[in-house]
Every structure is written in C-alpha cells, then in structure tokens.
Amino acid sequence: MASPFGQNALKKAPIPKPTNPTLAPTVSQTLRTPGLSKISFRLGSVEVTGMQFSQVAQAVDSGRIKCWTVDEFESQGTDELPDGRLVESRYGIQSNAMLFSRADYGKKPGEDQTIVHESVHAAFDLMVPAKKTMTTLSIEDEAAAVLAAAFYIRLCGKQEHGFKLGGGGEAEALELVDQAVRDPGVFNVVNGKFFFTPEETQALRYAVSMSRNYKKFIDKTDGLPTDRTGAVYTYNGVPVCGKKGCK
Ligand SMILES: [Zn+2]
C-alpha cells in the first residue's frame, strides 16, 4: 500500500537507530491482537496464517525486522523507494524494515489495518531460509495482504474506518471475508483453513491488478503492448544478527 507524493521524503534525516522505539511496540502490539491468530487461508500459491503474525511480532520485538519512519528510511539510501515519493507504509525487502509515514503511525483509526497488510509481506520474507530466495506473484501477494487486513477487521471486531474506500481490492476483500464468515460451508475449508479458488478471488485479484498496474496494457510512452501480469516479488530472507555479525 503505497500512496501519494509529498515533499517530506526529500529531506535528509539523521542516521536511524536500529528500530524506531515508538513504532516497533505499536506494530508488535497490533500483531498480537486477539483474533488475528484465527486467520488461515491460501490464495493461489501464497498462504497466510495467524502464526505468521506472531512470528513477525517476535521479529519486530527483537529488532530482526525494523520499523522505521520514512525519514529514517531515506537516510539509508537503499531499497527501491522512488525519489520524492512519500509513502504511508511499505515493507522493504532489502532493508527488512516496515516503513511508515510517522513515528506515531498506527495510533489513528484504521492505521492498524495497514500494519496488518505490511506484516503479511514481512511474514513472507521471514519464511525464507538463509541465503535462499522465494518469489511470489505480486498480484497474489498483494491480494493476500489486502485479504488479511479484511479478515483482521472482521475476526478482531474492528471498525472499517474507510477500509472499503482503499481502491486496491479492499471492498472486494471485505465482501469475500463477509461471505466466508457468514457461510464458511460454501468454501473449501480444511482444518479451519480457507482454500480460496481463482473464481472466488477473481474480483479481488482484478481490483488489485488494476490499482497496481499488474495488467496487460498499451504503454503510452512507446505505444507497445506491455504485460505486467507476471510481476513478482523476490524475498531474500531476514538475517539473524548477533555480536559476530549477521547470517
Ligand atoms: Zn502490499
């Protein structure tokens, strides 16, 4: 979930502490919300389970996954944040950091949903063994993150706070979750885990692909057909660091 452009991102900030001492506890606490552990679904080749959220919470507590503000992130000079872009949140695969627009992010209504979304990406990165990589289809990865946030709202009894207006599949995700909660019998559920079919997630995937440009289209700059439907994320794991370095 990245969004608009702003000027704050241009100014340089001091060298960051390992993790932001305000953000990290907020993220950790959000990921320990009762009810979150009940999330369990598969969407295409990606899977989201409640256990992943506690694993991310632990990694945030130990500083293995960092939480930074945009300004702290900028001073790293790494990762793929485009120049001048101010994001509300994102997960940095290279930096192993969850990035938020403010140090008190997560305190305003609905921002907890975004923390859940980003933690899905962080969880996938955590799953990768040392020195290995794992690729996911971006469309499935993002759809799963949006769907997890929708499950969070319903399973944890949270208010929507404009979630449906997200425009990146949020409305479709919430509709799917509402069906799943209301009538789980029509879905393929094994041991509490929803195995969503391509048909069931079609509307969600379509909205995700349109909002994030994972689609076939004619490129306006060169007039040629362009296919981004196979876009992937490549996770490279989160090192464990100690006094003797990282591995
Ligand atoms: Zn995302």
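Refer to the structure above for everything that follows.
Cut-offs applied
Numbering of residues starts from 1 in each chain and follows the order in which that chain's sequence is written. For this predicted model, a pLDDT threshold of at least 70 governs which residues receive local features, and a threshold of 80 or more governs which side-chain atom pairs are given and counted, while totals over whole chains, interfaces and linings are taken from all residues. The secondary structure listing takes helices from DSSP runs of H or I that are at least 4 residues long and strands from runs of E that are at least 2 residues long, numbered from the N terminus. Each residue gets a C-beta atom placed from its backbone, and two residues are in contact if those atoms lie within 7 Å. Any residue whose C-beta has 12 or fewer other C-beta atoms within 10 Å is treated as exposed, any with 20 or more as buried, and any in between as partly exposed, C-beta atoms being built from the backbone. Expected span of a helix: the number of residues minus one, times 1.5 Å. Two strands form a pair only when DSSP identifies at least two bridges running between them. Joined through C-beta atoms within 7 Å, a set of buried Ala, Val, Leu, Ile, Met, Phe, Trp, Tyr and Cys residues constitutes a nonpolar core. Note on geometry: axes are lines fitted to C-alpha atoms, helical ones only across the stretch in contact, with angles between N-to-C directions running from 0 to 180 degrees.

Visitor: Go over the overall build of the chain, please, and point to the residues and values.
Guide: Across its full length, the chain holds seven helices and 13 strands. Taking as baseline every contact in the chain between residues at least 6 positions apart, the subset at least 24 positions apart corresponds to 75%.

Visitor: Which residues make up unusual backbone geometry, and what values go with them?
Guide: Residues other than glycine seldom take positive phi values, yet H161 does so here, at roughly 50°. Its location among the elements puts H161 in the loop between α5 (138–155) and α6 (170–182). Residue H161 is classed as partly exposed on the basis of its 14 C-beta neighbours within 10 Å. Positive phi outside glycine occurs at N213, with the angle close to 70°. For N213, the position within the fold is in the loop between α7 (202–212) and β9 (216–218).

Visitor: Requested: an account of helix α4 (residues 111–127), with residues and values cited.
Guide: Between its terminal C-alpha atoms α4 stretches 25 Å, which fits the 24 Å expected from 17 residues at 1.5 Å a residue. Where burial is concerned, most of α4 is hidden: 14 out of the 17 residues are buried.

Visitor: I'd like to hear about the environment of H117, residue by residue, with values.
Guide: With respect to the helices and strands, the residue H117 is situated in helix α4. As for H117 and L147, which are separated by 30 residues in sequence, their C-alpha atoms are 8.3 Å apart.

Visitor: Just give me the short version of the environment of I218, but keep the residues and values in it.
Guide: Following the sequence through the fold, I218 ends up in strand β9. Take I218: there are 9 C-beta atoms within 10 Å of it, and that puts it in the exposed class. Apart from the residues within four sequence positions on either side, I218 is in contact with G223 and P225.

Visitor: Residues and numbers for the sheet that holds strand β1 (residues 40–43), please.
Guide: In space, the four strands of this open sheet follow the order β2-β1-β8-β7, with mixed pairing throughout. Two strands lie at the open edges of the sheet, namely β2 (46–49) and β7 (189–190), each paired on one side alone. Note: β1 against strand β8 (residues 193–196), three bridges, orientation parallel. Counterpart to R42 in the pairing with β8 is F195.

Visitor: Quick one: what's the story with the nonpolar core, residue by residue and with numbers?
Guide: L147 and A148 are the most contacted members of the largest nonpolar core, which has 59 residues in total. When residues of this core are assigned to their parent elements, the largest contribution, 12 residues, is made by α5. For L147, the contacting residues outside a window of four places in its chain are F41, L43, A173, L176, V177 and L204.

Visitor: Which residues make up the sheet that holds strand β4 (residues 89–92), and what values do they have?
Guide: Strand order in the open sheet formed by three strands is β3-β5-β4, with mixed pairing between adjacent strands. Both edges of this open sheet fall to β3 (66–69) and β4, since each of them pairs with a single strand only. Across the sheet, the mean angle separating the axes of adjacent strands is 20° when strand polarity is ignored. Sheet strands touched by α4: β4 and β5 (97–100). Its angle to β4, the strand with the most contacts, is close to 15°.

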